[in-house]
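Structural overview for review
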Amino acid sequence: MEVRYSYLKQQFENCEDLWDELKRFVPTGDFTLGKPLQEFERRFADLIGTKHAIGVNSGTDAIKLSLKALGVGFGDEVITTANTFVATVGAIAELGAIPVFVDCNDTFCMDVDLLERAITEKTKAIVPVHFTGYMTDMRKLLPIARKYNLPIVEDACQSILGSIDNKKAGTWGNAGAFSLHPLKNLNVWSDGGIITTDDDKLAETLRLLRNHGLIDRDKVEILGCNSRLDTLQAVVGNWLIPSAIDISNKRIENAEYYDKHLSKIKEITIPPRPADFRIVFHLYIVFAEDRDRLLEYCIKQGIESKVHYPIPIYRQKALSSFGYKEGDFPITDGHTKKIITFPCDQHLSVEQMDYVISTVQEFYKK
Ligand SMILES: *Cc1c(COP(=O)(O)O)cnc(C)c1O
C-alpha cells in the first residue's frame, strides 16, 4: 500500500465551483488588494476571533512585518525556539535582528520555564512557535512577557485553530502569523500568509508596510515593501475557509486513532496530550526507538514518513556565526534522534492508517 505525504491532488480534485469563482473573478481585473482579499481577511479574522487580519505574501513575511511594525530592527535580540523551521529565524535575521534560542520540551514548543534566562537588555520581542500544531504554553509565557514589557509575535504557521482553554493560536500575542503555503493546514495555490491582531494601530501599520507604505496613490507615509496577499489566492482561500474547522477536526480524529494504537507498541512513546490544549496536528510526530531503521523500513514499505528535523536550525551552517554548538539545546538535540512523522492529513483513509500501524508493529517484531 502507498501512504503518500502530500494530499494536494485529493484536496483540489473536485473544485469545479472554485474554477467557476475564478472565471468570474478574472474579468473583474481586481487583482491587487481586491474585494475577495478584503472578504478573506474578514472571514479569517472571524475564524480566529481577532479584530483584524492582514493578508501578506507568506508566513515568513507575516512574522517579519509583524516584528518590524513592533519596532524590531538592527542589533535587537528576538527570542524563539531552537527546533523551529528556518523561516522563523530567517524572518528575524532579515530585519538585522539576532535570533536567541530557547530549548523546547516534549510538546515541540518552547519550554517557557527556560525563557526568562534568555532575556537580556537587548531583547526586543518574543516569537513563540506553535510547532507541529501544538501550542506554546501561553498562560505561562504572557506574564513573563508583561514583566519585561516585551511584545509577542506568535508563529502560528502550523497551528491554525489550535488553542489552549479554547483561546486560539494567534489571539494571545500582539500579533499572530499564519502561513497559507500549499503544505499548511489551510492552503492556497501558491505562497500566502496572514497576520491576526486586535491592535488597531498595529493593523494600520501592517496594512501600510505590506503596500509600500502608501496611504493612497500619491502619498507615502512610511517605507514599506510589496507583500500583498494575491487577490487570486484569496479567491482560493475563500473557497477553502468554510472547511477549516472540519480539516482540523479530521486531523485530530486521525491523531487520536494513531495514538490509541501506536501507544500499545512499547518502543513508541506518544508525546504529552494535555487535555486543555487543542492540538491540530499539522505534523503527527511520535518518539520511536531505533528510529533510523524504522524510518527506512516505513519508506521501503511505501509509507512516506519524515523527520522534522534531522538537523535543528540552531546547528545549521547558516547560523554558525551565532556561536551555538551541539549540546546547547539538549531536548531539541535528543528529539532529532527519536522523532518520526507520519501522514495525518484529512484525506488519509482508515486503511492507510491501519497500514502505518501494522507496519510499525511488524518492524519491532522482527
Ligand atoms: C511554514 C512555516 C513558516 C513560513 O511560512 P511560509 O508561508 O512558507 O513563508 C514559518 N514558521 C513555521 C513554523 C512554518 O512551519
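Residues numbered from 1 in each chain as written. Predicted model: local features only at pLDDT ≥ 70, side-chain atom pairs only at ≥ 80, totals over all residues. Heavy atoms only, no water.

1. Concerning the side chain of His308
Spelled out, the test is: Secondary structure elements follow DSSP: runs of H or I no shorter than four residues count as helices, runs of E no shorter than two count as strands, and numbering proceeds from the N terminus. For this analysis, a polar contact is any N or O atom pair within 3.5 Å, provided that within protein one partner can donate a hydrogen and the other can accept it, and provided that sequence-adjacent residues contribute only side-chain to side-chain pairs. Residues are treated as being in contact if the distance between any of their heavy atoms lies within 4.5 Å.
With respect to the helices and strands, His308 occurs in the loop between α10 (291-300) and α11 (330-338). Only 2.9 Å separates the side chain of His308 from the side chain of Thr341, close enough to count as a polar contact. Setting aside its immediate chain neighbours within four residues, His308 contacts Tyr5, Phe131, Leu283, Ile285, Ile339 and Thr341.

2. As for the environment of Glu21
Note on placement: Glu21 falls in helix α2 (residues 16-25). In this structure, the C-alpha to C-alpha distance between Glu21 and Val236, residues 215 residues apart in sequence, is 8.7 Å.

3. Brief notes about the domain arrangement of the chain
What counts here: An automatic or database domain assignment supplies the residue ranges for each domain. Buried area, as used here, totals the accessible surface that two parts lose on assembly, with accessibility defined by a 1.4 Å probe and the loss added over both. By salt bridge we mean one thing: a side-chain nitrogen of Lys or Arg within 4 Å of a carboxyl oxygen of Asp or Glu.
Split into domains, the chain comes out as domain 1 (8-243) and domain 2 (244-365). If you look at the interface, domain 1 gives 44 residues, while domain 2 gives 36 residues. Around 3,300 Å² of area is buried between domain 1 and domain 2 when both sides are counted, 63% of it from carbon and sulfur atoms. Summed over the shared surface of domain 1 and domain 2, the number is one salt bridge.

4. As for unusual backbone geometry
The following threshold applies: Per-residue accessibility, obtained with a 1.4 Å probe over protein chains only, is compared with the maximum for each type, and a residue is labelled buried under 20%, exposed over 50%, and partly exposed between these values.
Of note, the amide linkage connecting His308 to Tyr309 takes the cis form, showing an omega dihedral of 5°. Secondary-structure assignment places Tyr309 in the loop between α10 and α11. One non-glycine residue, Phe108, adopts positive backbone phi at about 70°. As for its placement among the helices and strands, Phe108 is situated in the loop between β3 (98-102) and β4 (123-126). Residue classification places Phe108 among the buried residues on the basis of a relative accessible area of 4%.

5. Describing the site of the ligand
For clarity, the threshold we go by: One heavy atom within 4 Å of a molecule or strand is enough for the residue carrying it to be called near that molecule or strand. The method behind every accessible area is Shrake-Rupley, applied with a 1.4 Å probe, and residues are considered shielded solely by the protein chains displayed. Only protein atoms enter the 1 Å grid used here, on which a cavity is any set of points holding a 1.4 Å probe that cannot leave and a pocket is any open set flanked by protein within 12 Å on both sides along at least five of seven lines; residues with an atom within 4 Å of a point are listed as lining. By definition, a pocket or cavity contains a molecule when more than half of the molecule's atoms lie within 2 Å of the pocket's grid points. In this classification, the charged set is Asp, Glu, Lys and Arg, the nonpolar set is Ala, Val, Leu, Ile, Met, Phe, Trp, Tyr, Cys and Pro, and all remaining amino acids, among them Gly, are polar.
Taken together, 16 residues lie near the ligand, and Gly59, Thr60, Gln158, Ser179 and Lys184 sit nearest. Asp155 has a polar side-chain atom sitting 2.7 Å from a nitrogen atom of the ligand. Between the ligand and Lys184, the relevant distance is 3.0 Å, taken from an oxygen atom to a side-chain nitrogen or oxygen of the residue. Within the complex, 93% of the 380 Å² of free accessible area of the ligand lies under protein. Most atoms of the ligand, that is more than half of them, are within 2 Å of grid points of the largest pocket. Contributions of two or more residues to the shell around the ligand are made by α4 (59-69) and α5 (86-94). It is α4 that provides the largest number of residues to the shell around the ligand, a total of three residues. For the shell around the ligand, the residue count by class is five nonpolar, nine polar and two charged.

6. Observations regarding the nonpolar core
Filter applied, for reference: Joining through side-chain atoms within 4.5 Å is the link that ties buried Ala, Val, Leu, Ile, Met, Phe, Trp, Tyr and Cys residues into a set, and such a set is a nonpolar core.
Counting 89 residues, the largest nonpolar core has Phe44, Tyr258, Leu262 and Phe342 as the members making the most contacts within it. Here this core gets seven residues from one element, more than from any other, and that element is helix α12 (residues 350-365). Counting the residues that make up this core, at least three belong to each of domain 1 (8-243) and domain 2 (244-365). Dropping the residues within four chain positions of it, Leu262 is found in contact with Ile268, Ile270, Tyr284, Val286, Phe342, Ile357 and Val360.

7. Side note on α10
To keep it simple, the criterion reads: It is the directions from the helix axis to the C-beta atoms whose arc is reported.
All of the buried residues along α10 are Arg291, Leu294, Leu295, Tyr297 and Cys298. The arc that holds the buried residues of α10, viewed along the axis, is 165°, so those residues lie on one side. The exposed set on the far side of α10, more than 90 degrees from its buried face, consists of Asp292, Arg293 and Lys300. Where α10 is buried, its residues meet β12 (268-269), β14 (284-288), α11, β15 (339-342) and α12. Looking at the residues trailing α10, positive phi occurs at Gly302, about 95°.

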